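# Fold and geometry: a report
Chain residues, written in single-letter form:
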Amino acid sequence: MEELRQATNNFDMDNTIGHGSHGTVYTGLIKDMPVVIKREWCSPQPRFLDEVHTNKKLVSYIQHKNLVNLLGYCCDDENQSLVFEYMVNGSVRDYLESSDLTFKKRISIALDAAKGLLHLHNLDPPVQHKRFTASKVLLDANLNAKVSDGAMLGLLQASDIHLANPRGGSEETIDVYSFGLFLLELITCQNPGLLQSDYEVLQWISPRLFTNTFWDKNIPAETFTRPSFQAYLIIMSECLEYPPINRPKMDVVVTELETIYLNVISENHEVSLGSELFNITIE
């Protein structure tokens, strides 16, 4: 704990970068390495401490290039803290508001995030994120994307185990649905909120498609073509599908995004603008 106090100037407000219902998020330096420290205002959860003490592979268990990596853990009688790597470019949600990311880069970000979720789902036992949004996808200095709060906060906060499920379906399909909303926000730079039926999905998407207000105007027009954009819309729509059992698994999503990414690289960028670009049917 003394090391964390030194890293944050005794948890000074100037080091604060966020607040949540359970605690405060700080930046700091540990051995000249920038870190993020999530300090919880609660007693340590026995489940988490049991994992730390009995499972020496806990940290390596969740390590992945597309997950924000846990660097350390600390607790005293009143607080518990997690120390993560620092992602200099912040969240995708914030970055979109002031950037002109190309379509190719947005696909790359989506693919990184999908691989992070897939890693969680492939663990034994599987881990579901449950709270995945564009604000949970963070960008490093090279705009590589990593999913935050994936595995560790579920252990840290026992209340996370009992999250309500407004989206329907299994926990895995909740993540897939949330990823579909992420794809929608990534391409529109608009937060659609919860869309709880096929009808609500179409009601949100259709008017924007046919009035040319769907895609983010900051996307350079010369960076995408109709086939790649249509493929993106299709996998996005499948992730948002009702009933939830019809949604693809994350391995399918990763495969589709990889295909789109490779096609974008090889395409001759002759862009069709206007509603003709969106001449597809979402069943």
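Residues numbered from 1 in each chain as written. Predicted model: local features only at pLDDT ≥ 70, side-chain atom pairs only at ≥ 80, totals over all residues. Heavy atoms only, no water.

### Here we look at the overall build of the protein chain
In plain terms, the rule: Helix numbers and strand numbers start at the N terminus; a helix is a DSSP run of H or I with at least 4 residues, a strand a run of E with at least 2. Each residue is placed in one exposure class: buried if its accessible area under a 1.4 Å probe, protein chains only, is under 20% of its type's maximum, exposed if it is over 50%, and partly exposed if it falls in between. A contact between two residues is defined here by any heavy atoms of the two lying within 4.5 Å. All accessibility values rest on the Shrake-Rupley procedure with a 1.4 Å probe; residue burial counts only the protein chains present in the view.
Counting secondary structure elements, the protein chain contains 10 helices and 7 strands. When burial is assessed residue by residue, the protein chain has 50% of its 283 residues classed as buried. Residue pairs at least 24 apart in sequence account for 68% of intrachain contacts in the protein chain once pairs closer than 6 positions are excluded. Entry remark: accessible area of the protein chain is about 13600 Å², with carbon and sulfur atoms responsible for 50%.

### Considerations on the side chain of threonine 188
Threshold: Polar contact is defined as a pair of N or O atoms within 3.5 Å, subject to the rule that within protein one atom must be able to donate a hydrogen and the other to accept it, and that residues adjacent in sequence are counted only when both atoms are side-chain atoms.
Looking at where threonine 188 falls in the secondary structure, it is placed in helix H7 (residues 171-188). Within the local environment of threonine 188, its side chain forms a polar contact with the backbone oxygen of leucine 184, the two atoms lying 2.7 Å apart. Here threonine 188 is in contact with Trp204, Phe214, Trp215 and Asp216, once residues within four sequence places are set aside.

### As for unusual backbone geometry
Working note: non-glycine residues mostly have negative phi, and peptide bonds are mostly trans. That bond from tyrosine 242 to proline 243 is cis: its omega, 0°, falls within 30 degrees of zero. Note that proline 243 resides in the loop between helix H9 (226-239) and helix H10 (250-266).

### Some details on the environment of phenylalanine 182
The topology assignment puts phenylalanine 182 in helix H7. Here the alpha-carbon distance between phenylalanine 182 and phenylalanine 132, two residues 50 residues apart in the chain, equals 8.3 Å.

### Considering the packing of aromatic side chains
Note the cut-off: Ring pairs are drawn from Phe, Tyr and Trp, using the six-membered ring of Trp, whenever the two centres fall within 6.5 Å, and their geometry is named by plane angle: stacked under 30 degrees, edge-to-face over 60, tilted for the rest. Look at NZ for Lys and CZ for Arg. If either is within 6 Å of the ring centre and within 35 degrees of the ring normal, a charge sits over the ring.
Counted under the stated rule, the structure contains 8 aromatic pairs. A centroid spacing of 5.8 Å and a plane angle of 65° characterise the contact between phenylalanine 103 and tyrosine 232, whose relative ring orientation is edge-to-face. Of this pair, phenylalanine 103 sits in helix H5 (residues 103-121) while tyrosine 232 sits in helix H9; the two residues are 129 residues apart in sequence, bridging distant segments of the chain. When sorted by exposure, phenylalanine 103 lands in the same class as tyrosine 232, which is buried. Ring geometry for phenylalanine 132 and phenylalanine 182: centres 5.4 Å apart, planes at 75°, overall edge-to-face. Within this pair, whereas phenylalanine 132 is found in the loop between H5 and strand E6 (137-139), its partner phenylalanine 182 is found in helix H7, the two being separated by 50 residues in sequence. Above the ring of phenylalanine 84, the side-chain terminus of lysine 38 is found at 5.3 Å from the ring centroid. The ring of tryptophan 215 carries lysine 217 above its face, with NZ or CZ at 4.3 Å from the centroid.

### Structural notes on the packing of H5 against H10
For clarity, the cut-off: Axis definition: a line fit to C-alpha positions, over the contact stretch in the case of helices; interaxial angles, taken between N-to-C directions, run 0 to 180 degrees. If an angle is under 35 degrees, it is roughly parallel; if it is over 145, roughly antiparallel; if it lies from 65 to 115, roughly perpendicular; otherwise it is oblique. Note on convention: the crossing is left-handed when the near helix lies turned anticlockwise from the far helix by less than a right angle, right-handed when the turn is clockwise. Polar here means any residue other than Ala, Val, Leu, Ile, Met, Phe, Trp, Tyr, Cys and Pro, which are nonpolar, and Asp, Glu, Lys and Arg, which are charged; Gly is therefore polar.
Direction vectors running N to C along H5 and H10 enclose 160°, while the axes themselves pass 9 Å from each other. Classified by the angle their axes make, H5 and H10 are roughly antiparallel. Remark: the crossing between H5 and H10 carries left-handed chirality. On the side of H5, the interface is formed by Phe103, Lys104, Ile107, Ser108, Ala110, Leu111, Ala114, Lys115, Leu117, Leu118 and His121, while H10 contributes Met250, Asp251, Val253, Val254, Leu257, Glu258, Ile260, Tyr261, Val264 and Ile265. Of the residues that constitute the contact of H5 with H10, the class distribution is 15 nonpolar, 2 polar and 4 charged.

### With respect to the sheet that holds strand E3 (residues 33-40)
Note the following rule: When DSSP locates at least two bridges between a pair of strands, those strands are taken to pair.
Spatially, the 5 strands line up as an open sheet ordered E1-E2-E3-E5-E4, and their pairing is antiparallel. The open sheet has two free edges, formed respectively by strand E1 (16-19) and strand E4 (70-75), since each of these has just one partner strand. Direction aside, the axes of adjacent strands within the sheet are offset by 25° on average. Bridge analysis of strand E2 (residues 23-30) against E3 gives 8 bridges, and the strand direction is antiparallel. The residue of E3 that forms the bridge with leucine 29 is proline 34.

### Comments concerning the pattern of salt bridges
Applied cut-off: Here a salt bridge means any side-chain nitrogen of Lys or Arg lying within 4 Å of a carboxyl oxygen belonging to Asp or Glu.
Applying the stated rule across the entire model yields 7 salt bridges. Close ionic contact of lysine 38 with aspartate 149 constitutes a salt bridge, the shortest N to O distance being 2.3 Å. Here lysine 38, found in strand E3, pairs with aspartate 149, found in the loop between strand E7 (145-147) and helix H6 (152-156); they are 111 residues apart in sequence, far enough to count as distant. Lysine 38 gets classed as buried once you look at its relative accessible area, which sits at 15%. Using a relative accessible area of 9% as the deciding quantity, one classes aspartate 149 as buried. With a closest N to O distance of 2.8 Å, lysine 136 and aspartate 149 form a salt bridge. On the criterion of sequence distance, the pair formed by lysine 136 in the loop between H5 and E6 and aspartate 149 in the loop between E7 and H6 is long-range, its members being 13 residues apart. Among the charged side chains, a network of salt bridges with common partners joins Lys38, Lys136 and Asp149.

Purely geometric stuff here, so don't read any function into it on its own.
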